[in-house]
Amino acid sequence: EYGAQNAPTKQQLQDAQGDIEDLVPGDQTTVFGRAARKAALQSMTTNFEMSAREQMINLRIQAQQENMDTATFTEQSNAIIDGYTSTLQDISPSAALNFRATMATVGNSALLAHSNKLLANQKEQDKATAADNVDLIINGRPDDMYFGSLSDIFEQGSTAKSSTQDYVSMAEKIEMQRMSVINMATEIGDSAFLTSKLKAFDEKVDELYATSTSGWLNQAPAERLQQLSTGQITDTRFADIWSNMTTDQQQK
């Protein structure tokens, strides 16, 4: 009881001049002295642990607010543990060893929790980036609807074969964009995201085919309906669009 009541605080030990062991009650020569010293060391270790745990909690909060990387978190966590351990080391190497073992477990648990938080944050960030890129493919940019989007494919049509490039149909270009959507969604591992974005993608393709068809038809309905029925489409650009549709899309 005497040792516990008179155990020095960390601040007292830090402020002490000379041999800090003199501040610890008890001694190594008498029964009373040994008991008092043991109680004092136990009290100090407990107080140090509570204080160190509190600092760990504050570090976790700071790390979350600053999105601290794991290397910095580990460095600061070790600094907390080392600060208390070095103080105990000068008084009792065995107490310091036990304290470090206990707090190392706390530090490792804190690091794992912070790492998981970073991974979760990164996953959300990757999901947001993927969503932005998929929306760009489907709808284009607000200031340029044809930039890297499905509308761009409908604007350009199929790529003709030349001496420097092979023929690439509109349907093939659309499928390549569709695969990009699948790859981005797969990367973030969200099946619901993939399902919803593929649905939006396919609906946009159908919409663009329908809009292209109605726009072409409305310029000369009777004549162009006749062309559709005979398959003799004179407009080269629309003939390309029509030939890339599936039967279902043509019927729609």
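## Details of helix H5 (residues 93-139)
The periodicity of an α-helix, 3.6 residues per turn, causes residues three or four positions apart to be oriented the same way.
Part 1: Compared with the 69 Å implied by 1.5 Å per residue over 47 residues, the 67 Å span of H5 between its first and last C-alpha is a close match.
Part 2: Phi turns positive one or two residues past the end of H5, at Gly 140, with a value near 75°.

## Some remarks on the packing of aromatic side chains
Aromatic ring pairs are defined here through the distance separating the ring centres and the angle between the ring planes.
Part 1: Tallying each qualifying case throughout the model produces 5 aromatic pairs.
Part 2: An angle of 55° between the planes, with centres 5.4 Å apart, marks the rings of Phe 48 and Tyr 84 as tilted. A residue pair is termed long-range when its members are at least 10 positions apart, and Phe 48 in helix H3 (residues 31-66) and Tyr 84 in helix H4 (residues 70-89) qualify at 36 residues.
Part 3: Overall, Tyr 84 belongs to the buried group, its relative accessible area being 5%.
Part 4: For the ring pair Tyr 84 and Phe 99, a centre distance of 6.0 Å and an interplane angle of 50° mean the geometry is tilted. Of this pair, Tyr 84 sits in helix H4 while Phe 99 sits in helix H5, and the two are 15 residues apart along the sequence. The same class applies to Tyr 84 and to Phe 99, which are both buried.

Cut-off values and rules
Residues numbered from 1 in each chain as written. Predicted model: local features only at pLDDT ≥ 70, side-chain atom pairs only at ≥ 80, totals over all residues. Heavy atoms only, no water. Helix = DSSP H or I, 4+ residues; strand = E, 2+ residues; numbered from the N terminus. Expected span 1.5 Å × (residues − 1). Phe/Tyr/Trp six-rings, centres within 6.5 Å; stacked < 30°, edge-to-face > 60°. Buried < 20%, exposed > 50% of the residue type's maximum accessible area, 1.4 Å probe, protein only.

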